[in-house]
Amino acid sequence: MEDPSAATASPRRLAVLISGEGTNLQALINAQNTSSLPNTSIVLVLSNRKNARGLIRASTASPPIPTAYLSLQPFLKSNPGKTREDYDVEVARIVLRAKPDAVVCAGWMHIVSEGFLDVLKGTRVLEGEAVLAREVPVINIHPALFGQFDGTHAVERGFEAFQKGEVDELGVMVHRVVKEVDRGEPLIQRRVEVVKGEAIEVYEERLHKVEWEIIVEATRIVLDEVQPPLSSDGSR
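What this report covers is the structure whose coordinates are included nearby. Being a predicted model, the structure only gives us computed values, none of them experimental.

## Side note on helix 1 (residues 23-31)
1) Next: By the burial criterion, the buried members of helix 1 are Asn 24, Leu 25, Ala 27, Leu 28, Ile 29 and Ala 31.
2) Next: Contacts made by the buried residues of helix 1 are with strand 1 (12-18), strand 2 (40-47), helix 2 (53-59), strand 4 (102-105), strand 5 (138-142) and helix 7 (200-226).
3) Next: In the stretch just after helix 1, Asn 33 is the one whose phi turns positive, near 65°.

Below is the structure:
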């Protein structure tokens, strides 16, 4: 359902970082300019993998969403002497040029460095780029509850731990991104049903459905913090 204020208000601008299939991105695409994510436009989808299907989802959206691609190893190969942090700063530069109000890591399979975050906070100004008027919040979706299974392969590690009886609940969260991996303040976390003896694919299907809900809800929270949406009469 289209949001009635979307046609008259200046849209909230969203940049999304992806690495793969892009199903969480699709949830955001479907939600933009609806009552779930009012007055919002995705202005950039950036991937660190050239063949990420999420890039196709963005380019074939209506209207098409601008995309960008920058991968770590090709960047290092074509820029001798550059480091992983230099790569993160270049990613931040691409993001900044889209002028987003918020950044969502939606299946971004790359741990961002402190340098990336400093640029988005505005504490580090890149040569040739404008000074930020305010911090651009960065959030990430992670398929585990806070403090439970940080880092990679969280779904597999969590599922195995549950089946062994080492934990009694699993879930998913969207959190603010800080330099410590998956340790930022949770904006939303939600438990996901898991059943003894079921196949991990069955659990993953259930998990993904929850992810698609909370990534939209959390994105709205941060966008509302930086730019509350206009009401139907044009007021805030």
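Continuing now.
## Some details on the pattern of salt bridges
1) Next: Summed over all chains, the structure comprises 18 salt bridges.
2) Next: Notably, a salt bridge pairs Glu 217 with Arg 190, separated by 2.8 Å at the nearest N-O pair. With Glu 217 in helix 7 and Arg 190 in strand 7 (residues 186-192), the pair connects residues that are 27 residues apart, well separated along the chain.
3) Next: The partly exposed category is assigned to Glu 217, whose relative accessible area is 32%.
4) Next: Overlapping salt bridges, with partners in common, bring together Glu 90, Arg 93, Arg 97 and Glu 129 in one network.

## Section: the layout of surface pockets
1) Next: The space that makes up the largest pocket amounts to roughly 1,000 Å³.
2) Next: Along the wall of the largest pocket there are 37 residues; nearest its centre are Gly 107, Trp 108, Met 109, Ile 141 and Pro 143.
3) Next: Looking at the lining of the largest pocket, the elements with two or more residues in it are helix 1, strand 5, helix 6 (154-163) and helix 7.
4) Next: Of the residues belonging to the lining of the largest pocket, the class tally is 15 nonpolar, 14 polar and eight charged.
5) Next: By volume, the second largest pocket amounts to about 270 Å³.
6) Next: As for the second largest pocket, its lining consists of Leu 96, Lys 99, Pro 100, Glu 129, Ala 130, Val 131, Leu 132, Ala 133, Arg 134 and Val 136.

## Description of the sheet that holds strand 2
1) Next: Spatially, the seven strands line up as an open sheet ordered 3-2-1-4-5-6-7, and their pairing is mixed. Two strands bound the open sheet, and with one partner strand each, they are strand 3 (67-69) and strand 7. The mean inter-strand angle of the sheet, taken between neighbouring strand axes irrespective of direction, is 20°.
2) Next: As paired strands, strand 2 and strand 3 are joined by three bridges and run parallel to one another. What sits directly across from Ser 47, in strand 3, is Tyr 69.

## As for the packing of helix 4 (residues 84-97) against helix 5 (residues 114-121)
1) Next: Remark: helix 4 packs on helix 5, axes separated minimally by 7 Å, with the N-to-C direction vectors making an angle of 25°. Between helix 4 and helix 5, the angle falls in the class roughly parallel. The crossing of helix 4 and helix 5 is right-handed. Seen from helix 4, the contacting residues are Glu 85, Asp 88, Val 89, Val 91, Ala 92, Val 95 and Leu 96; seen from helix 5, they are Gly 115, Phe 116, Val 119 and Leu 120.
2) Next: Residue composition of the contact of helix 4 with helix 5, grouped by class: eight nonpolar, one polar and two charged.

## A few points about the nonpolar core
Generally speaking, nonpolar side chains in soluble globular proteins are found buried as a group.
1) Next: Counting 44 residues, the largest nonpolar core has Val 16, Leu 28, Ile 42, Val 45, Tyr 203 and Ile 215 as its most contacted members.
2) Next: Among the elements that take part in this core, helix 7 stands out by supplying nine residues, more than any other.
3) Next: If sequence neighbours within four positions are ignored, Val 16 has contacts with Leu 25, Leu 28, Ile 42, Leu 44, Val 45, Leu 46, Val 104 and Ala 106.

## Focus on the side chain of Arg 57
1) Next: With respect to the element layout, Arg 57 can be found in helix 2.
2) Next: A distance of 3.2 Å separates a polar atom in the side chain of Arg 57 from a polar atom in the side chain of Gln 26.
3) Next: Once you skip the residues sitting within four places of it in the chain, Arg 57 turns out to touch Glu 21, Gly 22, Thr 23, Leu 25, Gln 26 and Ile 29.

Cut-offs used in this document
- Residues numbered from 1 in each chain as written.
- Predicted model: local features only at pLDDT ≥ 70, side-chain atom pairs only at ≥ 80, totals over all residues.
- Heavy atoms only, no water.
- Buried < 20%, exposed > 50% of the residue type's maximum accessible area, 1.4 Å probe, protein only.
- Helix = DSSP H or I, 4+ residues; strand = E, 2+ residues; numbered from the N terminus.
- Contact = heavy atoms within 4.5 Å.
- Salt bridge = Lys/Arg side-chain N within 4 Å of Asp/Glu carboxyl O.
- 1 Å grid on protein atoms, 1.4 Å probe; cavity = no way out; pocket = protein on both sides within 12 Å on 5 of 7 lines; lining within 4 Å.
- Points joined across faces, edges and corners; volume = space filled by probe spheres on them.
- Nonpolar A, V, L, I, M, F, W, Y, C, P; charged D, E, K, R; others polar.
- Pairing = 2+ DSSP bridges.
- Axes fitted to C-alpha atoms, helices over the stretch in contact; angles between N-to-C directions.
- Parallel < 35°, antiparallel > 145°, perpendicular 65-115°, else oblique.
- Left-handed = near helix turned anticlockwise from the far one by under 90°.
- Core = buried A, V, L, I, M, F, W, Y, C linked by side-chain atoms within 4.5 Å.
- Polar contact = N/O pair within 3.5 Å; in protein donor to acceptor, adjacent residues only side chain to side chain.

Any functional reading would require information that these geometric values do not contain.
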